[in-house]
Amino acid sequence: DGGITQSPKYLFRKEGQNVTLSCEQNLNHDAMYWYRQDPGQGLRLIYYSQIVNDFQKGDIAEGYSVSREKKESFPLTVTSAQKNPTAFYLCASTRWAMNTEAFFGQGTRLTVV
Amino acid sequence: GESVGLHLPTLSVQEGDNSIINCAYSNSASDYFIWYKQESGKGPQFIIDIRSNMDKRQGQRVTVLLNKTVKHLSLQIAATQPGDSAVYFCAENMETGTASKLTFGTGTRLQVTL
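Summary of the structure given here. All figures in this text were calculated on a predicted structure; none of them were measured in a lab.

## Regarding the overall build of chain B
Per the secondary structure count, chain B includes 0 helices and 10 strands. Listing each helix as α and each strand as β along chain B from the N terminus yields β-β-β-β-β-β-β-β-β-β. The C-alpha atoms of chain B give a radius of gyration of 14 Å, which matches the 13 Å a tight globule of 114 residues would have. Along the first, second and third principal axes, the C-alpha atoms of chain B reach 50 × 40 × 25 Å. Counting contacts in chain B only where the partners sit at least 6 residues apart, residues at least 24 apart contribute 53% of the total. Accessible area for chain B stands at about 5,900 Å²; split by element, carbon and sulfur atoms hold 47% of it.

Here it is in structure tokens:
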């Protein structure tokens with residue numbers, strides 16, 4: 001079955017450490033997105049990518065980094081520069097310029113301890 | 001420091017009644033709009049979409065209305081059921097020249113009472 005997979009589902013990080021969240025899709029989608037969601041709030045765009053080796057900053061990119069070396073994969077690194085990293089992170093993918101709905105992974109809940 | 005954001009508004013509806021969830025979008029150049037449903041601890045799920053050349057689109061028990069003049073989107077759910085309880089988000093697709101940027105509204109929590 002095609003889909004988008006995020007791992008791990010739960011992640012704990014010590015303050016000052018970088019951590020990488022995985023996002024993989026086998027839908028042959030061109031575009032991939034990372035969102036952050038805080039409790040009781042909406043989704044805010046961190047980074048997005050339309051094609052391999054290219055990506056753009058979203059609305060809250062500070063303290064985060066991404067790479068897009070393969071079409072199927074769009075990992076997100078939460079760096080120590082992110083002052084409040086505890087949140088629910090969602091990855092999505094869609095076919096570029098096709099105006100179709102984005103498919104979401106099940107999310108990774110990151111907690112800083 | 002604290003995250004900046006808006007807390008979700010809540011809509012309470014009695015089972016069997018119709019629900020109307022509203023959304024204001026920001027970019028008049030957006031050409032595609034989507035409604036998503038999110039249950040607790042899960043990723044958003046697609047409900048219905050509409051393109052900017054349409055004013056209305058109907059699905060099963062759901063209808064989306066688009067008013068481009070005032071940049072307003074609404075989701076109507078007929079005969080609301082307990083399983084409809086969730087957070088609902090609208091999203092708009094904006095072409096930025098080099099990419100398609102998908103951004104979300106703040107969301108509305110729908111509570112269905114028995």
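## Comments concerning the pattern of salt bridges
Residue and element names in this part refer to chain A. Taken as a whole, this structure holds 9 salt bridges over all chains when the rule is applied. D38 is the salt-bridge partner of R44, the closest N and O atoms lying 2.8 Å from each other. When its relative accessible area of 6% is taken as the criterion, D38 is described as buried. When salt bridges with common partners are traced through the structure, they connect R36, D38 and R44 into a single cluster.

## So, the sheet that holds strand β2 (residues 19-24) of chain B
To summarise the sheet geometry, strands pair through backbone hydrogen bonds and adopt either a parallel or an antiparallel arrangement. All names here are of chain B. Here 4 strands make up an open sheet; going across it, the order is β2-β7-β6-β5 and the pairing antiparallel. The outermost strands of the open sheet, each flanked by one partner alone, are β2 and β5 (56-58). Across the sheet, the axes of successive neighbouring strands diverge by a mean angle of 15 degrees, strand direction being ignored. Note: strand β6 (residues 62-67) against strand β7 (residues 72-77), 6 bridges, orientation antiparallel. By the bridge assignment for β7, L65 is matched with S74.

## Section: the pairing of strand β4 (residues 31-37) of chain A
Residue and element names in this part refer to chain A. Here β4 lies mainly inside the structure; 7 of its 7 residues are buried. Neither face of β4 is open: one carries A31, Y33, Y35 and Q37, the other M32, W34 and R36, and all of them are buried. Sheet topology note: the β4/strand β9 (residues 87-94) ladder contains 7 bridges and is antiparallel. Looking at β9, one finds that W34 is bridged to C91. For β4 and strand β5 (residues 43-49), the ladder comprises 6 bridges, and the chain directions are antiparallel. Bridge pairing links R36 to R44 in β5. In this structure, the hairpin formed by β4 and β5 is closed by a connection of 5 residues, where G40 is found at a positive phi of approximately 70 degrees.

Reading the values: rules and limits
- Residues numbered from 1 in each chain as written.
- Chains lettered and ligands numbered in written order.
- Predicted model: local features only at pLDDT ≥ 70, side-chain atom pairs only at ≥ 80, totals over all residues.
- Heavy atoms only, no water.
- Helix = DSSP H or I, 4+ residues; strand = E, 2+ residues; numbered from the N terminus.
- Rg over C-alpha atoms; globule rule 2.2 N^0.38 Å.
- Contact = heavy atoms within 4.5 Å.
- Areas by Shrake-Rupley, 256 points an atom, 1.4 Å probe, with all protein chains shown as cover.
- Salt bridge = Lys/Arg side-chain N within 4 Å of Asp/Glu carboxyl O.
- Buried < 20%, exposed > 50% of the residue type's maximum accessible area, 1.4 Å probe, protein only.
- Pairing = 2+ DSSP bridges.
- Axes fitted to C-alpha atoms, helices over the stretch in contact; angles between N-to-C directions.

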